[in-house]
Amino acid sequence: MSSLSKRVCCAVFVTVVTSIPGQLAIDGLPLVGAQTSAEPSATPVEMEAAIKVVFDEGNILAYDSAARVYLDMLRAGTKSWTGADKSALTRQLHFVSLIAPRAGTIRAALNAVLGERADSTNALALVRWWNQQDPVPATLNNERLEEHLFRIYYAQRNYAFEEDSLGVDDRGRIFIRLGFPWRSTQIKLRSAGLRMQPFQVTIPRNEIWVYRPLHDDAHYLFVQRSRRKPFTLATSRDLIPPDLRMSRRRVQLLLTWLEEIFGQLTLEHPHYGPTYDAVTNYLALPTSDALQPYNFSQHIMEQMRIRDDYHVQSRMRTVPPSATQVYGSAHTLIPLVRTARFLQPNGATRLEIYWTLDSDGLEPRRRRVNRLTQEGHIPSETYLLAVSATERDSNFAPTEIRMRHYSVPTRMQGLLPVHAWVTQDFDSKLNLVLQWEQFWSTTDSTGQRIPSVTLGIGTLPIDSVQVLDASGHSLEMSDIRPMVLPASGNLQGAVPYVADTLSAATKLALYFEVYHLTYGNDDKTRYTLEYRIAAPGETPITASTTYEGEARVVREQLALDVSTWSKAGPITITLRVKDEVAGALASRTIPFTFRR
């Protein structure tokens, strides 16, 4: 586990944290807090040098401060820097270009800044994007940004190439994108006959990096063609000496060479297998003039080239531009979550969040358990689950972190009980991110259960939550809160339903609220409620009822019968309310997947 991962595991049990960054400094450089817009007083060269010292020295305690200096450098990206300052800023932006999505807002902002046609919104977009990359929102550090800076300076030390604009070879570029490989190996000549060949047919220096947990296609071959040249991304063809490829006289040596290197390459990725099988089968056949060894060698190398090209194209599609290793070997938790907004009497909006986890997803793999026990960790009969909600500002920087803790028996089956999280009232757009972290537990000296090792982590952003209309001038409606009824069908016993699937056996109810109904001349309100269950190409199920009351706000819970729906696939349930006095309409739709 990396130093970043270790720190994630140790600083999570916080009840409420409110952060307003103050003035910090790295080696005398003033640091502007993330919440401010003041101009940094240092130049890009000075800021880059200060950041480099922190990561070259491995000063973990200063990683967060270095990350904030880095964000200040991005904020200053639209200033008219020249010379070394411009080069420093451009270099850092090119590092971001390595890991950013190939399209979208961040790519447009990068292109604008690099093209010197940017304004302050482009620089702010870069900062906002970095804030959104934080993989562990329950801490005030941005571990992904710290990991990015660590990778840059690690690559410049270990995969250096001074003539490159970024100071690294192709290994360094892949390292900055994806981190340490899951497996690293080399192709070597193991056959005594091949090793005894003249110098000119020695295999070039090479490295193979495999990121199998990321994707099967995340496999990279690097070759150094001479001691003075850098390691570059290569294909299997680059492992064959040029003077062997076209030589009729030494075609038998070429075929033996292919069998040797592809026998090793096949262990690293299956797309090398057909070449190895073809060469091995050919060499096992009795020799004859009709077999034409030279023609066969050229044919097999052409097929090899086609497969390599296909693999490179497939890798570009399937492997993401970047991946974090902050979680270490912790598995990914995938919670089931639903949210619903409601208006408060004071006019603010309340956000209710309901979540659960499948207990099967909490079970660590046997290999992981064995590894942890070998490291001295003791499996517990109870998991500790730390669940946090981090509120973020308009630039997605954390402003407040709230956390709750739950105990979960390790032998539990099925879904955990549905838990609710109600946010504080908000009156402007809300950016929120939830985090779940699962631990084995142990007992401290006071008898309290505390975390011993992180097993799983999951996050879910709930960004740009809009407020409901509290003006009272127009009809407004809450979101729909799905509920599941008990076997008795009693509405009073309904509990929130967070799954996104329904079946004919699901006893479903919908809770919602309607605001700002209009009084008629008789001081009464009248509204019509209509529900509609629909799917593409199917006849919808609809029903409507008109109600009369004396309140401008109504709270309804409606039981729905979905037992007659028969077609599997996506469905939508729509509730529509019409204010019969004012003629105003409001509606909400909620999607499900219907399973037979």
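Residues numbered from 1 in each chain as written. Predicted model: local features only at pLDDT ≥ 70, side-chain atom pairs only at ≥ 80, totals over all residues. Heavy atoms only, no water.

Caption draft 1: Region of interest: the overall build of the protein. Scanning the protein for helices and strands turns up 14 helices and 25 strands. Principal axes of the C-alpha set define a box for the protein whose edges measure 105 × 65 × 60 Å. Burial analysis of the protein (596 residues in total) assigns 48% to the buried set. In the protein, once contacts between residues fewer than 6 apart in sequence are set aside, the share between residues at least 24 apart is 68%. Only carbon and sulfur atoms are counted for the fraction: they give 50% of the accessible area of the protein, which is about 29,000 Å². (Helix = DSSP H or I, 4+ residues; strand = E, 2+ residues; numbered from the N terminus. Buried < 20%, exposed > 50% of the residue type's maximum accessible area, 1.4 Å probe, protein only. Contact = heavy atoms within 4.5 Å. Areas by Shrake-Rupley, 256 points an atom, 1.4 Å probe, with all protein chains shown as cover.)

Caption draft 2: Fine view of the pairing of strand E7 (residues 231-234). Where strand E6 (residues 219-224) lies against E7, four bridges are found, and the strand directions are antiparallel. Looking at the pairing, Val223 lines up with Thr232 of E7. With antiparallel pairing between neighbouring strands as the criterion, E6 and E7 make up a hairpin whose turn holds six residues. (Pairing = 2+ DSSP bridges.)

Caption draft 3: Looking closely at the pairing of strand E17 (residues 481-484). Note: E17 against strand E20 (residues 508-515), four bridges, orientation antiparallel. Directly across from Pro482, in E20, lies its bridge partner Leu510. Across two bridges, the pairing between E17 and strand E18 (residues 495-496) is antiparallel. Bridge assignment links Val484 to a residue of E18, and that residue is Val495.

Caption draft 4: Quick look at empty space enclosed by the protein. Considering all chains together, one arrives at two cavities of 30 Å³ or more under this definition. Of the voids in this model, the second largest cavity is the one considered here, and its volume is about 70 Å³. The wall of the second largest cavity is formed by His219, Tyr220, Leu221, Ala234, Thr235, Ser236, His271, Tyr272, Asp308, His311, Val312 and Arg315. Contributions of two or more residues to the lining of the second largest cavity are made by E6 and helix H13 (293-318). At four residues, the largest contribution of residues to the lining of the second largest cavity is made by H13. Looking at the lining of the second largest cavity residue by residue, the classes come out as five nonpolar, five polar and two charged. (1 Å grid on protein atoms, 1.4 Å probe; cavity = no way out; pocket = protein on both sides within 12 Å on 5 of 7 lines; lining within 4 Å. Points joined across faces, edges and corners; volume = space filled by probe spheres on them. Nonpolar A, V, L, I, M, F, W, Y, C, P; charged D, E, K, R; others polar.)

Caption draft 5: Structural context of the sheet that holds strand E24 (residues 569-579). Reading across the sheet, the five strands line up as E19-E25-E24-E21-E22 and stay open at both edges, with mixed pairing between neighbours. Edge positions in the sheet fall to strand E19 (501-502) and strand E22 (541-549), since each of these pairs with one other strand and no more. Looking at chain direction, strand E21 (residues 525-534) and E24 are connected through eight bridges and run antiparallel. Bridge pairing links Leu529 to Val577 in E24.

Caption draft 6: Expanded view of the environment of Gln492. Considering the arrangement of structural elements, one finds Gln492 in the loop between E17 and E18. A C-alpha to C-alpha distance of 9.4 Å links Gln492 and Gln557, two positions 65 residues apart in sequence.

Caption draft 7: Layout of the packing of helix H12 (residues 273-284) against H13. Their axes nearest at 10 Å, the elements H12 and H13 cross at an angle of 170°. In terms of orientation, H12 lies roughly antiparallel with respect to H13. Of the residues in H13, those touching H12 at Pro274, Thr275, Ala278, Val279 and Tyr282 are Pro293, Phe296, Ile300, Met304 and Arg307. A per-class count over the contact of H12 with H13 returns eight nonpolar, one polar and one charged. (Axes fitted to C-alpha atoms, helices over the stretch in contact; angles between N-to-C directions. Parallel < 35°, antiparallel > 145°, perpendicular 65-115°, else oblique.)

Caption draft 8: Structural context of the nonpolar core. Ile51, Tyr70 and Trp130 are the most contacted members of the largest nonpolar core, which has 51 residues in total. Filtering out sequence-adjacent residues up to four positions away, Trp130 remains in contact with Tyr70, Leu71, Leu74, Val96, Ile99, Asn142, Arg144, Leu145 and His148. One finds Ile480, Leu558, Trp565 and Ile571 within the second-largest nonpolar core, a separate group that totals 29 residues. (Core = buried A, V, L, I, M, F, W, Y, C linked by side-chain atoms within 4.5 Å.)

Caption draft 9: Focus on the pattern of salt bridges. Per the stated rule, a full pass over the model turns up 28 salt bridges. For Asp238, the salt bridge goes to Arg225, with nearest N and O atoms at 2.7 Å. Here Asp238, found in the loop between E7 and helix H10 (242-245), pairs with Arg225, found in the loop between E6 and E7; they are 13 residues apart in sequence, far enough to count as distant. For Arg225, a relative accessible area of 46% gives the class partly exposed. A salt bridge links Arg350 to Glu352, with the nearest nitrogen and oxygen atoms 2.8 Å apart. (Salt bridge = Lys/Arg side-chain N within 4 Å of Asp/Glu carboxyl O.)

Caption draft 10: Quick peek at the side chain of Ser478. Looking at the element boundaries, Ser478 is found in the loop between strand E16 (476-477) and E17. There is a polar contact of 2.9 Å between the side chain of Ser478 and the backbone nitrogen of Glu513. Once you skip the residues sitting within four places of it in the chain, Ser478 turns out to touch Arg341, Phe342, Leu468, Phe512, Glu513, Tyr515 and Arg588. (Polar contact = N/O pair within 3.5 Å; in protein donor to acceptor, adjacent residues only side chain to side chain.)

Caption draft 11: Quick look at the confidence of the model for the protein. Confidence along the protein averages 88 in pLDDT terms, with 91% of residues attaining 70 or more. When pLDDT is averaged over each element of the protein, helix H8 (residues 170-178) comes out on top at 98 and strand E1 (residues 16-18) at the bottom at 35. This model gives residues 1-24 a pLDDT under 50, and the stretch forms 62 contacts once residues within four places in sequence are excluded. Low confidence marks residues 30-37, where pLDDT is under 50. Its contacts with residues over four positions away, or in another chain, come to 26 contacts. (pLDDT = per-residue confidence, 0-100.)

Caption draft 12: Inspection of the packing of aromatic side chains at higher detail. Inspection of every chain in the model, using the stated rule, returns 20 aromatic pairs. Seen from their ring centres, Tyr154 and Phe180 are 5.2 Å apart, and the 75° between their planes marks the pair as edge-to-face. Placement of the pair is Tyr154 in helix H7 (residues 143-158) and Phe180 in the loop between H8 and strand E4 (183-185), with a sequence separation of 26 residues. For the ring pair Tyr211 and Tyr220, a centre distance of 6.2 Å and an interplane angle of 80° mean the geometry is edge-to-face. The exposure classification of Tyr211 matches that of Tyr220, with both residues buried. For the cation-ring pair, Arg404 lies above Trp421, with the distance from its terminal atom to the ring centre recorded as 4.2 Å. (Phe/Tyr/Trp six-rings, centres within 6.5 Å; stacked < 30°, edge-to-face > 60°. Lys NZ or Arg CZ within 6 Å of the ring centre and 35° of its normal.)

Caption draft 13: A look at unusual backbone geometry. Look at Ser464: it is not a glycine, yet its phi comes out positive at around 55°. The class of Ser464 is partly exposed, set by a relative accessible area of 34%. Unusually for a residue other than glycine, Asp523 sits at a positive phi of about 60°.

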